[in-house]
Amino acid sequence: MSEPPIRLIVVDDHPIVRDGLRGMFTGEPGFEVVGVAGDGAGAVSLAEELRPDVILMDLRMPGTDGVTAIRRLAERGSTARILVLTTYDTDSDVLPAIEAGATGYLLKDAMPEELVRAVRAAARGEAVLSPSVATRLIGQVRAPSDPLSARELEVLALIARGSTNREAASRLFISEATVKSHLLHIYAKLGVNDRAAAVAVAFERGLFNRS
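Reading guide: rules and limits
- Residues numbered from 1 in each chain as written.
- Predicted model: local features only at pLDDT ≥ 70, side-chain atom pairs only at ≥ 80, totals over all residues.
- Heavy atoms only, no water.
- Buried < 20%, exposed > 50% of the residue type's maximum accessible area, 1.4 Å probe, protein only.
- Helix = DSSP H or I, 4+ residues; strand = E, 2+ residues; numbered from the N terminus.
- Contact = heavy atoms within 4.5 Å.
- Core = buried A, V, L, I, M, F, W, Y, C linked by side-chain atoms within 4.5 Å.
- Axes fitted to C-alpha atoms, helices over the stretch in contact; angles between N-to-C directions.
- Parallel < 35°, antiparallel > 145°, perpendicular 65-115°, else oblique.
- Left-handed = near helix turned anticlockwise from the far one by under 90°.
- Nonpolar A, V, L, I, M, F, W, Y, C, P; charged D, E, K, R; others polar.
- Pairing = 2+ DSSP bridges.
- Polar contact = N/O pair within 3.5 Å; in protein donor to acceptor, adjacent residues only side chain to side chain.
- Salt bridge = Lys/Arg side-chain N within 4 Å of Asp/Glu carboxyl O.

J.: I'd like a description of helix α2 (residues 40-50), backed by residues and values.
T.: All of the buried residues in α2 are G40, A43, V44, L46 and A47. Residues of α2 that are buried in the fold lie against β1 (6-11), β2 (31-37), β3 (54-57) and α3 (66-75). In the stretch just after α2, R51 is the one whose phi turns positive, near 50°.

J.: Quick one: what's the story with the nonpolar core, residue by residue and with numbers?
T.: Residues V11, I55, M57, I70, L73, V84 and Y105 are the most contacted members of the largest nonpolar core, which totals 25 residues. Look past the residues within four positions of L73 in its chain and what remains in contact with it is V44, A47, I55, M57, S78 and I82. With 23 residues, the next largest nonpolar core counts V155, L158, I186 and A197 among its residues.

J.: Please set out the packing of helix α9 (residues 176-190) against helix α10 (residues 195-204) residue by residue, giving values where relevant.
T.: At a minimum axis separation of 10 Å, α9 and α10 run at an interaxial angle of 55°. Between α9 and α10, the angle falls in the class oblique. For α9 against α10, the interelement crossing comes out left-handed. Of the residues in α10, those in contact with L183, I186, Y187 and L190 of α9 are R195, A198 and V201. Split by residue class, the contact of α9 with α10 holds six nonpolar, no polar and one charged.

J.: If you had to explain the packing of helix α8 (residues 165-172) against α9 to someone new, which residues and values would you point to?
T.: Contact geometry of α8 with α9 gives a least axis separation of 8 Å together with a crossing angle of 105°. In terms of orientation, α8 and α9 fall into the roughly perpendicular class. Contacts between α8 and α9 involve N165, R166, A168 and A169 from the first element and E176, V179, K180 and L183 from the second. Partitioning the contact of α8 with α9 into residue classes produces four nonpolar, one polar and three charged.

J.: Hey, could you go over the sheet that holds β1 for me, with residue numbers and the actual values?
T.: Taken in spatial order, the six strands of this open sheet run β2-β1-β3-β4-β5-β6, and their pairing is parallel. Each having just a single partner strand, β2 and β6 (128-129) make up the two edges of the open sheet. Pairing between β3 and strand β4 (residues 81-86): four bridges, direction parallel. By the bridge assignment for β4, V54 is matched with R81. Taken strand by strand, helix α1 (residues 15-26) contacts β1, β2, β3 and β4, and its axis lies near 165° from that of β2. The sheet strands contacting α3 are β3 and β4, and the helix crosses β3 at an angle near 160°.

J.: Talk me through the environment of P15; I want residue IDs and the actual numbers.
T.: Inspection of the secondary structure assignment puts P15 in helix α1. Owing to a relative accessible area of 45%, P15 belongs among the partly exposed residues under this scheme. Separated by 21 residues in sequence, P15 and V36 have C-alpha atoms that sit 9.8 Å apart.

J.: Could you give me a rundown of α10, with the residues and numbers involved?
T.: Of the residues making up α10, those classed as buried are A197, A198, V199, V201 and A202. One side-chain oxygen of the residue at the start of α10 lies 3.2 Å from the amide nitrogen of A196, identifying that residue as D194. Looking one or two residues past α10, G206 carries a phi angle of roughly 70°, positive in sign.

J.: I'd love a proper account of the environment of I98, names of residues and values included.
T.: With respect to the helices, strands and loops of the structure, I98 is situated in helix α4 (residues 91-100). Sequence separation between I98 and V67 is 31 residues; the distance between their C-alpha atoms is 8.8 Å.

J.: Talk me through the pattern of salt bridges; I want residue IDs and the actual numbers.
T.: Under the defined criterion, the tally for this structure stands at 10 salt bridges. We note a salt bridge from D58 to K108, for which the minimum N-O separation is 3.7 Å. Linking D58 in the loop between β3 and α3 with K108 in the loop between β5 (104-107) and α5 (112-123), this pair joins segments that are 50 residues apart in sequence. The partner of E154 in a salt bridge is R151, and the shortest N-O contact between them spans 3.0 Å.

And the structure:
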């Protein structure tokens with residue numbers, strides 16, 4: 001007797017991506033695409049109605065984003081395995097998704113056969129991570145709990161409160177160029193590319209509570 005198909009919901013705000021994934025899995029033996037959604041709120045609603053085995057979840061969507069949807073599904077006791085499928089692998093994307101309860105995290109440049117294997121693995125409850133994401137998470141485990149210097153924390157705290165580079169320099173009695181240098185070091189240590197992501201990661205790690 002054959003096993004029942006894996007019931008799948010596809011969540012992505014781009015119709016072309018959404019339709020492409022639906023078409024791919026519809027044509028793949030052992031899968032049934034039971035629903036599609038364009039944002040996180042739609043995903044939560046469909047999950048409660050359709051009880052899928054796996055949800056393929058994009059992260060950055062207008063309205064309710066993927067991480068918020070993952071949290072809501074966990075709060076509501078959903079048994080669906082959630083496999084994140086996104087373009088982004090920065091700390092500010094990966095860590096919140098995993099902490100919220102995602103079973104796996106793949107990037108959209110994954111080959112179709114890799115994605116099929118990942119959904120099957122997720123349905124079995126296995127963790128699935130793209131190589132770059134796995135490396136990033138291992139780096140987080142190995143990284144010191146507070147990698148920023150006292151001065152770097154001061155700079156980042158001012159940035160978090162909305163200060164410009166010039167205003168932070170004035171407050172700390174250093175040059176604007178020095179502030180920029182500190183920010184570059186902060187980005188490198190936190191594994192991010194911009195001010196907003198650096199502030200988000202610092203809050204997630206509780207760094208400001210130690211400063």
